Amino acid sequence: MTDGEGELAYNLTVIYGMSVLSMVVLYKVLYPPQHSSPPPSPMVSSESLPSPQSTLALIKSRRSIMPKDLSGESLTREEVELVLEAANWAPTHHKTEPWRYTVVEGSDAINDYLDMMETWYSDNKEEISEADYDKFLMKLSGARSTWPQNVSHVVVIGMARQALPDKKLPEWEEICAVASSVQNLHLALTSIEGAGGFWSSHTWCRMFRDSQDMRDYLGLKDAEDRVLGAFVIGKVQEGKTFKGKRRDWMEKVTWK
């Protein structure tokens with residue numbers, strides 16, 4: 001092969017290689033990889049579902065159990081994650097999924113959570129009536145005497161007012177979705193042997209609950225986002241039992 005032929009062969013090789021590279025780049029531009037969302041959960045077969053009687057029994061077994069009746073024993077991380085996954089499967093209009101949870105884990109973190117409340121009330125004392133301030137201190141004292149010692153986790157409940165950028169639903173629909181999520185959490189907690197808890201509305205610290213400082217703590221940046229209290233969970237003291245009662249459901253139903 002002469003020098004001229006060798007140079008020609010080299011140039012053709014370079015041109016061919018660049019052509020292939022250009023085709024690859026063009027293909028990636030025209031057909032970018034699709035980053036799909038996680039696949040939906042498959043439908044559960046009827047054989048693996050609890051019976052209607054078992055489902056009703058679980059619902060009727062749900063109780064609001066106060067911190068004074070908890071033992072101080074901690075739930076495992078797996079147990080807490082299970083109830084949070086159950087919470088995530090609540091009904092949600094237009095799939096906005098507005099519930100937001102912040103988990104305060106263990107006695108030290110729970111003490112810090114209560115300290116944060118007290119500091120906020122102290123810093124804003126001039127804007128709070130004496131009656132409201134005294135009521136807060138009384139309730140805080142009760143929480144300090146039981147929560148750090150008896151409670152396993154405090155799950156603070158938030159609501160993203162506009163969870164999706166292109167959808168803003170009526171607020172009452174989003175509040176209902178969060179409430180349904182909390183009910184799922186509570187039922188899943190009921191299914192764990194020896195576990196219990198209750199939904200604290202945080203009315204006793206409502207001024208802090210509704211503040212931007214609280215929203216910032218939870219990562220809720222929109223002024224319309226809401227904090228809807230906290231779910232206080234733990235293991236029930238051995239031997240404790242709790243009765244439940246409802247009036248007949250037929251008193252509350254009208255057939256047409």
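Placed above this text is the structure.
Quick caveat: nothing in here was measured; it's all calculated off a predicted structure. (Residues numbered from 1 in each chain as written. Predicted model: local features only at pLDDT ≥ 70, side-chain atom pairs only at ≥ 80, totals over all residues. Heavy atoms only, no water.)

Peer 1: So what's going on with the overall build of the chain? Which residues, and what values?
Peer 2: Within the chain one finds 8 helices and 4 strands. Going residue by residue from the N terminus, the α and β elements of the chain occur as α-α-α-β-α-α-β-α-β-α-α-β. Residues counted as buried form 32% of the 256 residues belonging to the chain. Looking at the chain alone, contacts between residues at least 24 apart form 81% of all its contacts between residues at least 6 apart. Accessible area of the chain: about 16,900 Å², with a carbon and sulfur share of 56%. (Helix = DSSP H or I, 4+ residues; strand = E, 2+ residues; numbered from the N terminus. Buried < 20%, exposed > 50% of the residue type's maximum accessible area, 1.4 Å probe, protein only. Contact = heavy atoms within 4.5 Å. Areas by Shrake-Rupley, 256 points an atom, 1.4 Å probe, with all protein chains shown as cover.)

Peer 1: Talk me through the sheet that holds strand β4 (residues 226–235); I want residue IDs and the actual numbers.
Peer 2: Hydrogen bonds along the backbone pair up the strands of a sheet, which may run parallel or antiparallel. On the basis of which strands lie adjacent, the open sheet formed by 4 strands has the order β1-β2-β4-β3 and antiparallel pairing. The open sheet terminates on both sides in strands that have one partner only, identified here as β1 (99–105) and β3 (195–200). Here the average twist between neighbouring strands, direction ignored, is 20 degrees. Judged from the 7 bridges that link them, β1 and strand β2 (residues 153–159) form a sheet pairing that is antiparallel. Bridging from a neighbouring strand, E105 pairs with H153 of β2. (Pairing = 2+ DSSP bridges. Axes fitted to C-alpha atoms, helices over the stretch in contact; angles between N-to-C directions.)

Peer 1: Outline the packing of aromatic side chains, listing residues and values.
Peer 2: As enumerated under the stated definition, the model contains 7 aromatic pairs in all. Both rings, one in Y113 and one in Y217, keep their centres 6.1 Å apart while their planes meet at 35 degrees; by these two values the pair is tilted. Note that Y113 is positioned in helix α4 (residues 106–123) and Y217 in helix α8 (residues 212–218), a separation of 104 residues in sequence. For Y113, a relative accessible area of 1% gives the class buried. Using a relative accessible area of 34% as the deciding quantity, one classes Y217 as partly exposed. Summarising the aromatic geometry, the rings of W120 and F208 are spaced 5.8 Å apart at their centres and angled 50 degrees between planes, so their arrangement reads as tilted. Placement of the pair is W120 in helix α4 and F208 in helix α7 (residues 206–209), with a sequence separation of 88 residues. W120 gets classed as buried once you look at its relative accessible area, which sits at 13%. Pairwise contacts between aromatic rings join W120, Y121, Y133, F136, W147, W204 and F208 into one cluster. (Phe/Tyr/Trp six-rings, centres within 6.5 Å; stacked < 30°, edge-to-face > 60°.)

Peer 1: Summarise unusual backbone geometry; cite the residues concerned and give the values.
Peer 2: Look at E97: it is not a glycine, yet its phi comes out positive at around 45 degrees. Residue E97 is classed as partly exposed on the basis of its relative accessible area of 35%. Of note, H202 is a non-glycine position whose phi angle comes to about 60 degrees, a positive value. If you trace the backbone, H202 turns up in the loop between β3 and α7.

Peer 1: Which residues make up the nonpolar core, and what values go with them?
Peer 2: Counting 29 residues, the largest nonpolar core has Y113, L114, W147, V154, V156 and W204 as the members making the most contacts within it. Broken down by secondary-structure element, the contributors of at least two residues to this core are α4, α5 (130–150), β2, α8 and β4. The biggest single contributor to this core is α4, with 6 residues. Every residue in contact with L114, bar those within four places of it in the chain, is listed here: L140, A143, R144, W147, P148 and W204. (Core = buried A, V, L, I, M, F, W, Y, C linked by side-chain atoms within 4.5 Å.)

Peer 1: Which residues make up the packing of helix α3 (residues 77–88) against helix α6 (residues 171–190), and what are the values?
Peer 2: Orientation of α3 relative to α6, taken along the N-to-C sense of each, is 145 degrees, at an axis distance of 7 Å. The handedness of the crossing between α3 and α6 is right-handed. On the side of α3, the interface is formed by L82, V83, L84, A86, A87 and N88, while α6 contributes S181, N184, L185, A188 and L189. Split into classes, the residues belonging to the contact of α3 with α6 amount to 8 nonpolar, 3 polar and no charged. (Left-handed = near helix turned anticlockwise from the far one by under 90°. Nonpolar A, V, L, I, M, F, W, Y, C, P; charged D, E, K, R; others polar.)

Peer 1: An account of the side chain of T146 is needed here, citing residue identities and associated values.
Peer 2: Along the polypeptide, T146 turns up in helix α5. A polar contact is formed between the side chain of T146 and the backbone oxygen of G142, at a distance of 3.1 Å. In contact with T146, not counting residues within four places along its chain, are P67, K68 and V151. (Polar contact = N/O pair within 3.5 Å; in protein donor to acceptor, adjacent residues only side chain to side chain.)

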